[in-house]
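Residue-level listing of the chains:
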Amino acid sequence: MAASPALRLGLVGAGYIADIHAQAARRAAGVRLLAACSRQPGRLETLADRHAIERRYADPDALLADPDVDAVVIALPNALHAPVAIASLEAGKAVLVEKPMTLTTADAEAMVAAAERAGRPLMVGHMWRFRPEVMAVRRAVASGLVGRPFKTKGYGIHVDWMPSGWFRDPELAGGGALADMGVHALDTAWFVLGEPAPRRVYARVSRDFLADGFEDGGAVGVEDGAVVLVEFEGGIVSLVEAGWGHPHADGPEAQTQVFGTLGYAETFPPRAAVMRDGRRVWIDLKVELESPHISLPMYVRQLEHFAAACRGERPPDPDARKGLQVVRMLEAAYRAAASGRVVEL
């Protein structure tokens, strides 16, 4: 049987995360990195030269007009995700969009509708789902090893560091540490629990480390810290901590701890603690650990999964509707923080 042709991929964006996706595309089976676009010519040239990308475009419309491009990875500021994703789907391209999927539930719903009209995959880049450690904890929870989960704790914190540029621009980012880092912890907790329906959200955001403006004196308007509490169907409560520049984190990025009626499990390192013969014992969940913590292989696996979805071999995961649920939780967290009240979903 002849092998399927490689997915011909275009990158939209030329920043840090676009470079990570380019590295993953060069290693992923069944993927050919064909094109890239950016309105910043210097960055585009650097990215394309580094990864030997043949076709280079000055804007997304030009790339989307290329009939040889099968699918795109959208690695742009958050506010641009929805319009570029919708345009890509309307042009017949499959889409892998960086997290968060978009900024509002309304935009996420429009993206879902565009994907369903186009009949093309729309996948959201929650890449921690592709870490062996995270998948191992999901399997452990699903097997009943820790009993009925009643609580999780998750972390998305940069210690002694914070981003600059568009990440601190409310018009482009839509939020700060919560939209950037907390969304990893939020989706990972939801994933390991088996994606129960969210019911209500409470949150508090803070600005303890950011100055009052950018280096040029402009307003920041985004948070550098957040604590979010989500109650899921069945009464499970997930506590998520997000932050930039914090002096300490109780766990690495996307660390998720699951507390159940029969035991406890955590992602990094992947292990569980259960009662055996009247005492608590640790169980190694026996997956190959990846180093460094934020590893390229999970991006490779994510892209290979996307390519398989584009070939019709499996549904994209997370798909547009799951991405929508994460946006609903994220938007509810910001509404709760602004109002000081619990937001019902």
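Preceding this section is the structure that the text describes.
Treat the numbers as computed from the prediction; the structure is a model and nothing was measured.

1. Some points on the environment of threonine 188
Okay, so step 1: Within the fold, threonine 188 resides in helix α8 (residues 177-192).
Okay, so step 2: Residue threonine 188 is classed as buried on the basis of its relative accessible area, which comes to 2%.
Okay, so step 3: With near-sequence residues (within four places) excluded, threonine 188 lies in contact with Trp128, Val134, Ala254 and Thr256.
Okay, so step 4: Within polar-contact distance, the side chain of threonine 188 engages the backbone oxygen of histidine 184 at 2.7 Å.

2. Section: the sheet that holds strand β5 (residues 94-98)
Okay, so step 1: Judged by pairing direction, the sheet is parallel, and its 6 strands sit side by side in the order β3-β2-β1-β4-β5-β6 without closing on themselves. On the outer flanks of this sheet lie β3 (55-57) and β6 (122-125), each paired with one strand and no other. Neighbour-to-neighbour, the strand axes of the sheet open up by a mean angle of 25°, direction not taken into account.
Okay, so step 2: Alignment of strand β4 (residues 71-74) against β5, held across 4 bridges, turns out to be parallel. Bridge assignment links valine 72 to a residue of β5, and that residue is valine 95.
Okay, so step 3: Here helix α9 (residues 296-310) sits on the sheet in contact with β1 (7-12), β2 (31-37), β4, β5 and β6, set at roughly 155° to β5.

3. Observations concerning the packing of aromatic side chains
Okay, so step 1: Tallied over the full model, the rule gives 4 aromatic pairs.
Okay, so step 2: The interplanar angle of 70° and the centroid separation of 5.8 Å between the aromatic rings of tryptophan 128 and phenylalanine 268 together place this pair among those described as edge-to-face. Here tryptophan 128, found in the loop between β6 and α6 (132-142), pairs with phenylalanine 268, found in the loop between β12 (263-266) and β13 (271-276); they are 140 residues apart in sequence, far enough to count as distant.
Okay, so step 3: Taking the relative accessible area as the measure of exposure, tryptophan 128 reaches 1% and is therefore buried.
Okay, so step 4: Its relative accessible area of 13% is what places phenylalanine 268 among the buried residues.
Okay, so step 5: Here tryptophan 166 and phenylalanine 167 contribute two aromatic rings whose centre-to-centre distance is 4.0 Å and whose plane-to-plane angle is 20°, an arrangement assigned as stacked.
Okay, so step 6: What makes tryptophan 166 partly exposed here is its relative accessible area of 26%.

Reading guide: rules and limits
For every chain, the first residue of its written sequence is number 1, and the numbers climb from 1 along that sequence. Only residues with pLDDT of 70 or above have their local features reported here, since the model is predicted, and side-chain atom pairs are shown and tallied only from 80 upward, although totals for entire chains, interfaces and linings are computed over all residues. To obtain the side-chain values, all non-hydrogen atoms of the structure were included, while hydrogens and water were left out. Runs of E in the DSSP output that reach at least two residues are strands. Runs of H or I that reach at least four are helices, and both are numbered from the N terminus. Exposure is judged per residue with a 1.4 Å probe applied to protein chains only, and the accessible area is read against the type maximum: over 50% gives exposed, under 20% gives buried, and values in between give partly exposed. The contact rule is simple, with two residues in contact once any of their heavy atoms fall within 4.5 Å. Polar contact is defined as a pair of N or O atoms within 3.5 Å, subject to the rule that within protein one atom must be able to donate a hydrogen and the other to accept it, and that residues adjacent in sequence are counted only when both atoms are side-chain atoms. DSSP calls a pair of strands paired once it identifies at least 2 bridges connecting them. Simply put, an axis is a line fit to the C-alpha atoms, just over the touching stretch for a helix, and the angle between two N-to-C directions goes from 0 to 180 degrees. Ring geometry is summarised as follows: Phe, Tyr and Trp rings, the Trp one being its six-membered ring, pair when their centres sit within 6.5 Å, and such pairs are stacked at plane angles under 30 degrees, edge-to-face over 60 and tilted between the two.

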